[in-house]
Amino acid sequence: MSYAESLKPWNGEKSVPLSLHMATRRLRAFKRWMKSNGFEWSDALDFVDTPEDGIAVKALCEMKEGDVVAKMPKEACLTIKTSGACEIIENACLGGYLGLAIAIMYERSLGEESPWAGYLQLLPQQESLPLVWTIDEVNHLLCGTELHQTVQEDKALIYEDWSENILPLLDSEPSKLNSIFFGVEQYFAAKSLISSRSFEIDDYHGFGMVPLADLFNHKTGAEDVHFTALSSNYESDDDEVDEGIVDEEALPQNTSMDKTEESVVSDMECSSVTEDDTSMLEMVLIKDVSSGAEVFNTYGILGNAALLHRYGFTEQDNAYDIVNIDLELVIQWCSSLFSDRHSRSRISLWRRLGYSSGSENSEYFEISFDGEPQIELLILLFIIFLPDDVYNKLDLSVAIAGNCHESSETTLLIDNIFSLKESKMSMKPLLTKEVCDALLSLADIRESLYGLKSIEDDIEALEKCSFVGDKKVYHSLVLRISERKILQKLRNYASKSYKITNSSSARKKLKRATKRGI
Ligand SMILES: C[S@@+](CC[C@H](N)C(=O)[O-])C[C@H]1O[C@@H](n2cnc3c(N)ncnc32)[C@H](O)[C@@H]1O
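All figures in this text were calculated on a predicted structure; none of them were measured in a lab.

Quick look at the overall build of the protein
Point 1. In terms of helices and strands, the protein carries 19 helices and 11 strands.
Point 2. Counting every position in the protein, which comprises 518 residues, the buried fraction comes to 38%.
Point 3. Long-range pairs, those at least 24 residues apart, make up 74% of the contacts in the protein between residues at least 6 apart in sequence.

Structure (structure tokens):
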């Protein structure tokens with residue numbers, strides 16, 4: 001079996017594509033449902049449903065910046081407040097994503113009786129996020145990537161959520177909840193839909209499913225349309241919503257459709273929004289769109305790990321990609337060269353100097369898309385290689401000062417040691433031969449987490465992989481390759497930086513020697 005074949009799902013599971021006929025029928029039913037529920041949308045929008053790619057929104061003619069292209073009544077959105085399960089959810093003191101998942105499962109359990117039947121029939125059973133992949137698929141396809149551990153943890157937490165909150169609910173409300181629709185699989189499916197399609201509506205409704213708004217696909221940094229929401233004053237308990245703008249800071253980390261800060265404010269300013277119509281949500285064009293083009297939204301500025309995690313897809317050459325190197329990995333490398341005592345003391349000094357961030361068991365260093373390591377990593381490596389006498393001096397100075405940032409003497413010492421003042425925080429002085437060699441070793445150790453296959457094997461497997469038929473394989477390969485390309489850039493950065501630092505100090509030496517007439 002070839003490497004590419006070995007990556008294919010082995011459980012025989014494949015998403016069954018809709019026939020074109022079914023696709024047209026479900027869209028027609030959805031449009032009827034929207035009409036009868038007060039939705040409005042521009043005649044210039046074309047909803048295209050293909051068996052391969054699902055739904056995309058396209059422009060039938062040229063459209064102008066500022067045009068309001070769709071209006072969605074808040075009351076027609078599926079939220080905890082609007083769902084028939086509201087009382088059950090609130091009596092159980094549940095809320096947030098858990099409450100919304102119950103609302104979705106409940107409405108699904110009603111079938112045609114649900115007020116959202118016309119909308120629910122358009123949704124996939126679940127979105128193919130790593131969260132709903134089998135554990136074998138997660139281990140096989142995501143091994144070494146930024147997502148591997150995260151998804152394993154997500155799966156365990158969501159299962160725990162289900163058994164601690166949903167199971168007891170089924171026992172306490174057996175007459176109102178049909179247990180077939182509230183199993184753990186249904187819960188994971190609802191969570192995948194929430195992750196990939198929910199929006200923040202307002203303080204009263206919280207997060208919810210917004211039909212129509214959730215048909216727009218994503219394009220990083222090049223979207224055409226923004227989602228806008230005005231908070232409804234009468235509904236909210238919070239007096240601070242008078243400005244009618246959703247509090248962006250309240251967005252939790254894994255909010256789907258992350259709205260960029262400026263989107264709500266600036267869009268409202270340039271749009272022809274019905275004044276103070278707080279009962280409607282709107283999609284507003286932020287630039288002109290030409291006839292025939294797809295109309296894209298943005299789900300945020302996200303790297304491929306985040307895109308795959310929350311939405312189930314990736315983008316090639318995504319400039320927001322990063323790779324992390326865990327502190328644990330640095331400790332492992334350090335222990336292979338130095339005594340445990342040396343490693344512990346140098347890391348402890350680095351911490352006391354205030355360069356560590358996050359909690360002790362989740363510390364990591366970011367490597368940017370260009371392969372540049374976080375300065376905190378360079379400082380740690382620099383400290384690890386400090387000669388004992390310099391280390392002891394610094395250690396003593398920090399111990400006396402207590403808090404290094406309050407001691408000008410210590411700050412001076414640090415500046416001198418790292419030559420940071422001279423270089424105005426440039427990383428150059430930190431890039432000694434030892435530090436650059438350490439970066440190369442760390443890149444190799446991080447790379448080894450991907451297993452025995454090389455990046456060339458991954459690229460070959462991607463070329464043979466079908467975007468449509470093997471979505472899980474395709475997107476996990478894009479993620480692996482984009483991360484490994486960053487590690488390659490880190491290696492280039494380390495080799496190049498050392499050469500540059502080395503040759504410039506050689507030039508300086510030569511200059512000094514020439515001055516002295518040697
Ligand atoms: C909010 S829905 C967008 C509408 C969706 N295409 C549909 O058929 O209903 C989000 C989902 O659409 C798909 N999607 C959105 N943007 C995409 C993109 N740029 N590339 C591939 N899939 C995308 C992903 O499956 C994602 O989870």
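Description of the pairing of strand 10 (residues 323-326)
Point 1. Of the two faces of strand 10, only one is covered, namely that formed by Val323 and Ile325; the face formed by Asn324 and Asp326 stays uncovered.
Point 2. Where strand 10 and strand 11 (residues 364-367) come together, four bridges link them in antiparallel fashion. By the bridge assignment, Ile325 is partnered in strand 11 with Phe365.

Section: the sheet that holds strand 4 (residues 68-73)
Point 1. The strand order across the open sheet formed by four strands is 1-4-9-8, and the pairing between neighbours is antiparallel. One side of each edge strand has no neighbouring strand; the edge strands of this open sheet are strand 1 (40-41) and strand 8 (225-229).
Point 2. Sheet topology note: the strand 1/strand 4 ladder contains two bridges and is antiparallel. Each residue of the ladder has a partner; that of Glu40, found in strand 4, is Lys71.

Details of the site of the ligand
Point 1. The environment of the ligand is made up of Gly54, Ile55, Glu127, Ser196, Arg197, Asp214, Leu215, Asn217, His218, Tyr311, Gly312 and Phe313.
Point 2. Looking at the shell around the ligand, the elements that each hand over two or more residues are strand 3 (54-59) and helix 8 (184-197).
Point 3. Looking at the shell around the ligand residue by residue, the classes come out as four nonpolar, five polar and three charged.

Some points on the domain arrangement of the protein
Point 1. You can read the domains of the protein as domain 1 (21-311) and domain 2 (323-515).
Point 2. In this complex, domain 1 contributes 14 residues to the contact, which on the side of domain 2 involves 16 residues.
Point 3. Among the secondary structure elements, those contributing two or more residues to the side of domain 1 that touches domain 2 are helix 6 (135-141) and helix 10 (304-311).
Point 4. For the side of domain 1 that touches domain 2, the element with the highest residue contribution is helix 10, accounting for three residues.
Point 5. Looking at side-chain class alone, the side of domain 1 that touches domain 2 contains seven nonpolar, four polar and three charged residues.

As for the environment of Leu110
Point 1. Its location among the elements puts Leu110 in helix 4 (residues 96-110).
Point 2. On the basis of neighbour count, Leu110 is assigned to the partly exposed category, with 17 C-beta atoms found within 10 Å.
Point 3. In the structure, Leu110 is positioned 39 residues away from Lys71 in sequence and 26 Å away in space, judged by C-alpha atoms.

A word on the pairing of strand 9 (residues 280-285)
Point 1. Of all six residues making up strand 9, six are buried, and the element is well covered by its neighbours.
Point 2. Burial along strand 9 is two-sided: Met280, Glu282 and Val284 and Leu281, Met283 and Leu285, pointing in opposite directions, are all buried.
Point 3. Pairing of strand 4 with strand 9 involves five bridges; the strand directions are antiparallel. Within strand 9, the residue paired with Met72 across the bridge is Leu281.
Point 4. As judged from the five bridges shared by strand 8 and strand 9, these two strands associate in the antiparallel manner. Note that in strand 9 the partner of Phe227 across the bridge is Met283.

Some words on the confidence of the model for the protein
Point 1. Across the protein, the average pLDDT comes to 84, with 77% of residues at 70 or higher.
Point 2. Predicted confidence for residues 8-15 stays below pLDDT 50, and this span has six contacts to residues more than four positions away or in other chains.
Point 3. In this model residues 513-518 is a low-confidence stretch, pLDDT under 50, and it forms one contact with partners more than four residues away in sequence or in other chains.
Point 4. Predicted as a complex, the structure gets a pTM of 0.84 and an ipTM equal to 0.99.

Section: the nonpolar core
Point 1. Counting residues in hydrophobic clusters, the biggest one holds 86 residues, and the most contacted among them are Met72, Ala101, Ile102, Ala103, Ile104, Val210 and Ala213.
Point 2. Sort the elements by how many residues they give to this core and helix 4 lands first, with nine residues.
Point 3. Summarising the domain contributions, this core has at least three residues from each of domain 1 (21-311) and domain 2 (323-515).
Point 4. In this structure, Met72 is in contact with Phe39, Cys77, Val210, Pro211, Leu212, Ala213, Met280 and Leu281, ignoring residues within four places of it in sequence.
Point 5. With 35 residues, the next largest nonpolar core counts Val323, Cys334, Leu394 and Val398 among its residues.

What to know about the environment of Leu439
Point 1. Take Leu439: it is sitting in helix 17 (residues 433-448).
Point 2. As a C-alpha pair, Leu439 and Asp224 span 215 residues in sequence and 40 Å in three-dimensional space.
Point 3. The contacts of Leu439, once residues within four sequence positions are left out, are Pro373, Leu490 and Ala494.

Topic: the sheet that holds strand 6 (residues 198-202)
Point 1. An order of 5-7-6 is seen for the three strands of this open sheet, with the pairing classed as antiparallel. Every interior strand has two partners, whereas the edge strands, strand 5 (78-79) and strand 6, have only one.
Point 2. Relative to strand 7 (residues 206-209), strand 5 runs antiparallel, the two being bridged by two bridges. For Leu78, the partnering residue across the bridge sits in strand 7 and is Met209.

Topic: the packing of helix 11 (residues 327-337) against helix 12 (residues 340-352)
Point 1. For the pair helix 11 and helix 12, the least separation of the axes is 8 Å and the interaxial angle reads 140°. For the element pair helix 11 / helix 12, the angle class is oblique. When the axes of helix 11 and helix 12 are compared, the crossing they make is right-handed. Here Ile331, Cys334 and Ser335 of helix 11 come into contact with helix 12, specifically with Asp340, Ser343 and Ile347.
Point 2. Grouping the constituent residues of the contact of helix 11 with helix 12 by class yields three nonpolar, two polar and one charged.

A short note on helix 7 (residues 148-172)
Point 1. The terminal C-alpha atoms of helix 7, which comprises 25 residues, lie 36 Å apart, in line with the 36 Å expected from a rise of 1.5 Å per residue.
Point 2. Within helix 7 the residues assigned to the buried category are Val151, Asp154, Ile158, Trp162, Ile166 and Leu169.

A word on the packing of helix 7 against helix 8
When two helices pack together, their arrangement is given by the angle between the helix axes and the distance between those axes.
Point 1. Relative orientation of the contacting elements helix 7 and helix 8 amounts to 120°, with a least axis distance of 10 Å. Note that helix 7 runs across helix 8; the crossing there is right-handed. For the pair helix 7 and helix 8, contact is made by Ile158, Tyr159, Trp162 and Ile166 and by Val184, Tyr187, Phe188 and Lys191, respectively.
Point 2. Taken together, the residues that form the contact of helix 7 with helix 8 break down as seven nonpolar, no polar and one charged.

What counts as what
Residues numbered from 1 in each chain as written. Predicted model: local features only at pLDDT ≥ 70, side-chain atom pairs only at ≥ 80, totals over all residues. Helix = DSSP H or I, 4+ residues; strand = E, 2+ residues; numbered from the N terminus. Buried ≥ 20, exposed ≤ 12 C-beta atoms within 10 Å, placed from the backbone. Contact = placed C-beta atoms within 7 Å. Pairing = 2+ DSSP bridges. Near = placed C-beta within 6 Å. Nonpolar A, V, L, I, M, F, W, Y, C, P; charged D, E, K, R; others polar. Domains from an automatic or database assignment. pLDDT = per-residue confidence, 0-100. Core = buried A, V, L, I, M, F, W, Y, C linked by C-beta atoms within 7 Å. Axes fitted to C-alpha atoms, helices over the stretch in contact; angles between N-to-C directions. Parallel < 35°, antiparallel > 145°, perpendicular 65-115°, else oblique. Left-handed = near helix turned anticlockwise from the far one by under 90°. Expected span 1.5 Å × (residues − 1).

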